[in-house]
Amino acid sequence: MAATLKAKAYELKKTMLETCIRAGTGHVTSSLSCAEILTTLFHGGALRFDPKRPAWEDRDRFILSKGQASPMLYTVLGDLGYFPKEDLQKFAQAGGPFGVHLQKSVPGAEITCGSLGHGFGLAAGMALAARMDRRNHLVFTLLGDGECYEGSIWETALFAGHHRLNNLVAIVDRNYQCVLDFTENFLALEPMEKKWEAFGWRVKRVDGHSFDDLLDALKGVRSRRSVQPLVILADTVKGAGVGFMACNPIWHGAAPRGDEAQQALRELERSARDE
Amino acid sequence: MNNVSQRDAFWTRLYEVARQDRRVIAVAADMGAPALDQFRRDLPGQFVNAGIAEQNGLLVAAGLALEGKHPFLYAIAPFATFRVLELIRVENSIMDIPVTIVGVGAGFGYEDSGPTHHILEDIAALRAFPHVTIHSVSDSTMAAAVAEHSCGMKHANYVRLDRAVLPELYQAAPDLAKGFAVLRPSKAGWLIGTGYMTHKALRLANRLAGEGLDLGVMDLFAMPFDEKAFVAALGKAPRLFTLEEHFLAGGMGSLVLETLNRHGLAIPVKRFGLEMDKGYSYVYGGRDRILAGYELSEDDLAKAIRNWK
């Protein structure tokens with residue numbers, strides 16, 4: 001499973017990178033940090049969905065709360081057939097539905113999201129609705145770690161913990177970086193486990209680039225005995241796979257151009273081969 | 001429906017609807033009302049207390065709406081709106097998610113609580129958002145009708161309720177789709193009020209009629225409203241006076257001016273509201289004292305209307 005997912009992840013990352021290079025924009029590094037997480041969710045058997053029926057009532061909901069990682073989600077959705085894959089060429093272009101931040105108009109995208117601290121609360125509301133209606137689908141949501149500076153995140157964390165929304169699964173893409181600097185340098189977020197535990201969540205901490213770790217964390221997610229909502233803190237590297245972009249705040253929200261674009265594609269290929 | 005507050009009228013009617021329709025969900029930000037107690041007691045599965053956490057309240061309500069519920073977010077008006085304005089923008093305007101936001105304490109309703117609890121800018125802010133309707137409620141009959149109407153709305157709705165128990169203006173609910181109602185006909189001009197100030201407009205009209213000045217009264221309670229019907233109702237009015245308990249920038253009076261402009265009507269308009277340079281009020285001892293500080297007492301208004309050429 002892990003080897004298959006790895007090959008799929010490389011294919012998706014390459015398409016995402018090419019898409020952003022073509023458009024000359026897009027949050028490449030934010031997308032690279034969550035590539036394995038999205039690949040595991042959509043190809044590792046965790047999520048229940050049907051690309052032919054985006055509004056299928058019993059689908060699991062996936063809410064991308066860190067809306068800037070839209071190029072990665074668009075790529076996953078296009079690859080799955082929610083829309084023709086070629087349409088990705090219209091990313092951030094005239095005539096396409098694809099904003100640089102996530103747009104609900106894209107088939108398979110549940111929400112419009114770019115402003116942080118929104119998607120998580122929506123996901124909690126959706127999970128509460130499922131509970132009220134005694135429905136069995138799950139609500140997954142992917143947060144950025146920088147997003148955890150928003151007060152609304154902790155309002156919702158408190159709420160979901162209290163209401164024991166165990167049909168809600170949050171994953172935090174913990175890449176330790178924001179726009180200007182590293183989180184622990186300018187306003188420490190750690191200890192994250194203790195914070196989430198204190199808010200009433202079951203916490204798992206994993207290597208967010210390891211398929212074994214991610215698969216293990218999501219194993220049995222549909223039949224959990226715990227009444228607590230689950231948060232998976234996924235330690236990642238922003239820009240993983242492209243050496244000169246990784247761990248380099250200057251690359252936030254940018255796509256490489258010219259020679260750097262070619263170098264980025266080569267490095268991505270090399271890192272996939274070397275791992 | 002005399003001697004019933006707007007919020008109790010609203011929650012009583014919504015309770016009746018919710019008993020028949022499980023999709024109706026109350027999301028309170030730790031805000032109560034006697035009529036809400038009944039809702040909580042009898043329909044616990046349709047009541048959510050989001051805590052004093054309006055952001056979470058708005059988001060959870062929007063998430064519920066995405067799944068087909070009819071959520072009502074309930075809080076004191078400034079917290080139900082300005083505390084969460086960017087969330088309303090994204091969830092209810094950009095994404096067009098139908099949530100009904102119920103704010104209590106329109107204008108100076110929380111008179112002695114001071115400016116944190118007054119709300120004097122909400123019409124300006126919320127009418128700038130596409131897909132968001134404002135219901136500026138003027139009596140309890142209307143409050144009940146708006147509660148029921150909200151359940152069928154396909155877009156977001158902000159309901160600004162007065163805190164005070166006010167006299168009834170309507171025997172039966174007005175046409176909510178039209179958005180305004182003529183309370184007193186006239187050919188010599190109109191007093192156009194919203195919410196609490198509609199009551200003042202009626203009293204002023206009676207008083208001025210006794211002095212030989214015959215002005216009609218309109219209650220402008222929904223924004224946007226049926227502009228064509230509004231223009232037709234104005235008739236050949238030689239002048240208009242708008243009255244609102246709201247800063248003049250962007251409020252109901254501004255909306256009337258914009259409407260006249262859009263329809264090419266050059267009717268002189270005098271707007272009465274809160275002058276920006278007077279800022280917020282730190283006057284205590286009742287709403288009339290506060291309004292007098294803005295030269296909006298009934299004596300001030302009667303004089304200004306008489307003298308306005």
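Residues numbered from 1 in each chain as written. Chains lettered and ligands numbered in written order. Predicted model: local features only at pLDDT ≥ 70, side-chain atom pairs only at ≥ 80, totals over all residues. Heavy atoms only, no water.

Observations regarding the interface of chain A and chain B
Under the convention used in this document: Whether two residues are in contact is decided by their heavy atoms: any pair within 4.5 Å suffices. Accessible surface is computed with a 1.4 Å probe, and the buried area is the amount of it that two parts give up when combined, taken over both parts together. Within this document, salt bridges are pairs made up of a side-chain nitrogen of Lys or Arg and a carboxyl oxygen of Asp or Glu, the two lying within 4 Å of each other.
Each partner contributes to the interface: chain A provides 22 residues, whereas chain B provides 25 residues. Between chain A and chain B lies a buried interface of about 1900 Å² when both sides are counted; carbon and sulfur atoms form 61% of it. When residues of chain A are sorted by the area they lose upon contact with chain B, His118, Met132 and Glu155 of chain A head the list and together hold 30% of the total. Across the chain A-chain B interface, the total number found is two salt bridges. Here Arg61 of chain A makes a salt bridge to Glu67 of chain B, at a shortest N to O gap of 2.7 Å.

Quick word on the environment of Ala205 of chain B
Residue and element names in this part refer to chain B. The condition that has to hold: Secondary structure elements are defined from DSSP: runs of H or I of at least 4 residues count as helices, runs of E of at least 2 residues count as strands, and each element is numbered from the N terminus.
Of note, Ala205 is situated in helix H8 (residues 196–209). The spatial distance from the C-alpha of Ala205 to the C-alpha of Arg184 is 8.5 Å, given a sequence separation of 21 residues. With sequence-adjacent residues up to four places away left out, Ala205 is seen in contact with Arg184, Leu191, Leu215 and Val217.

Focus on the sheet that holds strand E7 (residues 180–184) of chain B
All names here are of chain B. The condition is simple: Pairing between strands is defined by DSSP: at least two bridges between them are needed. With axes taken as lines fitted to C-alpha atoms, and helix axes fitted only over the stretch in contact, angles between N-to-C directions fall between 0 and 180 degrees.
Across the sheet, which stays open at both edges, the five strands sit in the order E7-E9-E8-E11-E12 with mixed pairing between neighbours. In this open sheet, the two edge strands, each paired with only one partner strand, are E7 and strand E12 (269–274). Along the sheet, successive strands turn relative to each other by an average axial angle of 20°, direction set aside. In this structure, strand E8 (residues 190–193) lies alongside strand E11 (residues 240–247), joined through four bridges in parallel fashion. Residue Gly193 lies in a different strand from E11, and its bridge partner there is Leu243. In this fold helix H10 (residues 252–262) packs onto E8, strand E9 (216–220), E11 and E12, with an angle of close to 140° to the strand it touches most, E11.

Brief notes about the domain arrangement of chain B
How big an interface is tends to be expressed through the accessible area that disappears when the partners come together. Residues and elements named next belong to chain B. Test applied: Where each domain begins and ends is defined by an automated method or by a domain database. Within 3.5 Å is the distance limit for a polar contact, defined as a pair of N or O atoms, with the added protein rule that one can donate a hydrogen and the other accept it, and that residues adjacent in sequence qualify only through two side-chain atoms.
Taken domain by domain, chain B holds domain 1 (6–161) and domain 2 (180–307). Contact residues are listed per partner, giving 25 residues for domain 1 and 30 residues for domain 2. Summed over both sides, the interface of domain 1 with domain 2 buries roughly 2100 Å², with 59% coming from carbon and sulfur. Broken down residue by residue, the surface that domain 1 buries against domain 2 is led by Phe108, Leu120 and Arg127, which jointly contribute 31%. At the junction of domain 1 and domain 2, the tally comes to one salt bridge. Our count for the domain 1 to domain 2 interface comes out at 18 residue pairs in polar contact (both at pLDDT 80 or more).

Description of the packing of aromatic side chains
The criterion, for reference: In summary, the pairing rule links any two rings of Phe, Tyr or Trp, Trp by its six-membered ring, whose centres are within 6.5 Å, and it sorts them by plane angle into stacked for under 30 degrees, edge-to-face for over 60 and tilted for everything else. Categorising residues by exposure relies on relative accessible area from a 1.4 Å probe, with only protein chains included: less than 20% of the type maximum marks a residue as buried, more than 50% marks it as exposed, and the intermediate range marks it as partly exposed. We call a charge positioned over a ring when the NZ of a Lys or the CZ of an Arg lies within 6 Å of the ring centre and within 35 degrees of the ring normal.
With the rule as written, the count across this model stands at 23 aromatic pairs over all chains. Pairing Phe225 of chain B with Phe230 of chain B gives two aromatic rings, centres 5.1 Å apart and planes at 65°, and the pair type is edge-to-face. Residue Phe225 of chain B shares its accessibility class with Phe230 of chain B, and that shared class is buried. Ring-pair connections join several aromatic residues into one group, and the members of that group are Phe10, Trp11, Tyr15, Phe39, Phe72 and Tyr74 of chain B. Positioned above the aromatic ring of Tyr176 of chain A is the side chain of Arg174 of chain A, whose terminal nitrogen or guanidinium carbon lies 3.9 Å from the ring centre.

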